[in-house]
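Below, each chain spelled out in residue letters.
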Amino acid sequence: MKTVKKNILIINGSLGGAIGNTSVLIESAQKYLGQHEANIDILHLEENQNDLKNKLSWADGFIFTSGTYWDSWGSPMQRFLETCTQYEASDLFLYKPASVMITMHSVGGKGVLSRLQGVLNTMGLAIPPMSGLVYSLSSHLAFSLNKDQTPSDFSNDFWSLEDIEIVVHNLMTAVHHKHDFKCWPVDRKDPQRRWL
Ligand SMILES: Cc1cc2nc3c(=O)[nH]c(=O)nc-3n(C[C@H](O)[C@H](O)[C@H](O)COP(=O)(O)O)c2cc1C
C-alpha cells in the first residue's frame with residue numbers, strides 16, 4: 001500500500017534567514033525528508049511572515065529552526081510565537097508533531113532547544129522522542145581530525161549533521177502515527193571521563 005504524502009513546514013526563526021548557518025541544517029533536513037516522500041515548504045521568518053494561517057493549516061508536521069542569540073531564539077521566531085498565540089490549542093497546532101534544530105557557536109543552544117520545545121508543546125504541538133538537536137561551531141570543530149589525521153573519539157558524543165536523519169525519521173514516524181523511533185549514539189560507557 002502506498003504511504004500518503006505528508007506536508008512538512010520548516011519554520012526558520014534565524015536572523016540569517018535563507019543564507020545563514022542554520023540554512024545548512026535545513027538543506028540537510030530537506031534531503032532526508034525527500035527520502036520520506038514528504039511535501040516540503042520553508043518559511044524563513046526573517047524574510048516573510050505572511051499568510052501564516054494557511055501555511056500552518058497546510059502542515060501535518062513541523063521542523064522549527066533557529067540560531068542562538070544571547071541565549072535565546074531569533075527575534076523573527078519570537079515575533080512568530082507572539083503572532084501565533086491566537087492559534088494556541090487550535091487545529092493549526094493540536095497534536096501535530098514538531099522537531100526543533102538549533103545552531104550556536106558554543107553555549108546556550110540546549111537551553112534554547114528545551115525552552116522552544118516547551119513553548120511549542122504548550123501551544124499544542126507534539127514533541128517526538130529524539131527529535132531535537134543543537135549543532136554548534138564547537139562540535140563542528142571537534143569533528144575535525146587530530147594532528148595524526150584520526151578523528152577525535154570525543155566527537156562520538158556530539159550531535160552531528162548526520163543526526164538530522166534521525167530527527168527527520170522520528171518526526172515522520174510521529175506524523176505517520178507509527179512507533180518505530182530511532183536513537184542516535186550516546187557515550188554510555190564513560191560520560192565522566194576527563195576532557196581537560
Ligand atoms: C547577535 C548574536 C548573538 C549570538 N549569541 C550567541 C550565544 O549566546 N551563544 C552562542 O553559542 N552563539 C551565539 N551566536 C552565534 C550564532 O548562534 C550562530 O552563528 C548561529 O549559527 C547563527 O545562525 P544563523 O546564521 O542562521 O542566523 C550569536 C550570534 C549573533 C549574531
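Residues numbered from 1 in each chain as written. Predicted model: local features only at pLDDT ≥ 70, side-chain atom pairs only at ≥ 80, totals over all residues. Heavy atoms only, no water.

### Re the nonpolar core
And then number 1: Membership of the largest hydrophobic core comes to 28 residues, with the highest contact counts inside it found for L56, F62, F64, F80 and L116.
And then number 2: Of all the secondary structure elements, the ones that give two or more residues to this core are β1 (7-12), α2 (52-58), β3 (61-66), α3 (75-83), β4 (98-104) and α4 (109-123).
And then number 3: Broken down by element, the residue count for this core peaks at five residues, all from α4.
And then number 4: If we skip the residues at most four places from it in the chain, L116 touches F64, W73, M77, L81, V100 and I102. (Core = buried A, V, L, I, M, F, W, Y, C linked by side-chain atoms within 4.5 Å. Buried < 20%, exposed > 50% of the residue type's maximum accessible area, 1.4 Å probe, protein only. Helix = DSSP H or I, 4+ residues; strand = E, 2+ residues; numbered from the N terminus. Contact = heavy atoms within 4.5 Å.)

### A few points about the site of the ligand
And then number 1: Lining the immediate environment of the ligand, one finds 16 residues, of which T22, T68, Y69, T103 and V107 sit closest.
And then number 2: One of the side-chain nitrogen or oxygen atoms of Y69 is found 2.5 Å away from an oxygen atom of the ligand.
And then number 3: Backbone polar atom of S106 to an oxygen atom of the ligand: 2.8 Å apart, as the coordinates give it.
And then number 4: Contact with the protein chains removes 75% of the 650 Å² of surface that the ligand exposes when unbound.
And then number 5: In this structure, the ligand is accommodated by the largest pocket. (Near = heavy atom within 4 Å. Polar contact = N/O pair within 3.5 Å; in protein donor to acceptor, adjacent residues only side chain to side chain. Areas by Shrake-Rupley, 256 points an atom, 1.4 Å probe, with all protein chains shown as cover. 1 Å grid on protein atoms, 1.4 Å probe; cavity = no way out; pocket = protein on both sides within 12 Å on 5 of 7 lines; lining within 4 Å. Sits in = over half its atoms within 2 Å of the grid points.)

### Focus: the sheet that holds β1
And then number 1: Read across the open sheet, the five strands follow the order β2-β1-β3-β4-β5; overall the sheet is parallel. The open sheet has two edge strands with one neighbour each: β2 (39-44) and β5 (132-136). When strand polarity is set aside, the average angle formed by the axes of neighbouring strands in this sheet is 15 degrees.
And then number 2: By the bridge criterion, six bridges tie β1 to β2 in an arrangement that is parallel. Across the sheet, N12 pairs through a bridge with H44, a residue of β2. (Pairing = 2+ DSSP bridges. Axes fitted to C-alpha atoms, helices over the stretch in contact; angles between N-to-C directions.)

### Description of the packing of aromatic side chains
And then number 1: For the structure shown, the criterion picks out five aromatic pairs.
And then number 2: Measuring from ring centre to ring centre gives 6.0 Å for F64 and F80, while their planes differ by 55 degrees; the resulting arrangement is tilted. In this pair, F64 is assigned in strand β3 and F80 in helix α3, connecting sequence segments 16 residues apart. Each member of the pair F64 and F80 is classed as buried.
And then number 3: On the basis of an interplanar angle of 10 degrees and a centroid distance of 6.4 Å, the ring pair of Y135 and F143 is categorised as stacked.
And then number 4: Look at F143 and you get partly exposed, because its relative accessible area is 26%.
And then number 5: Each member of the aromatic cluster is reached from another via a ring pair, and the members are F62, F64, F80 and F93.
And then number 6: The cationic tip of R115 hangs over the ring face of W73; the distance from NZ or CZ to the ring centre is 4.9 Å. (Phe/Tyr/Trp six-rings, centres within 6.5 Å; stacked < 30°, edge-to-face > 60°. Lys NZ or Arg CZ within 6 Å of the ring centre and 35° of its normal.)

Read these as spatial facts, not as claims about activity.
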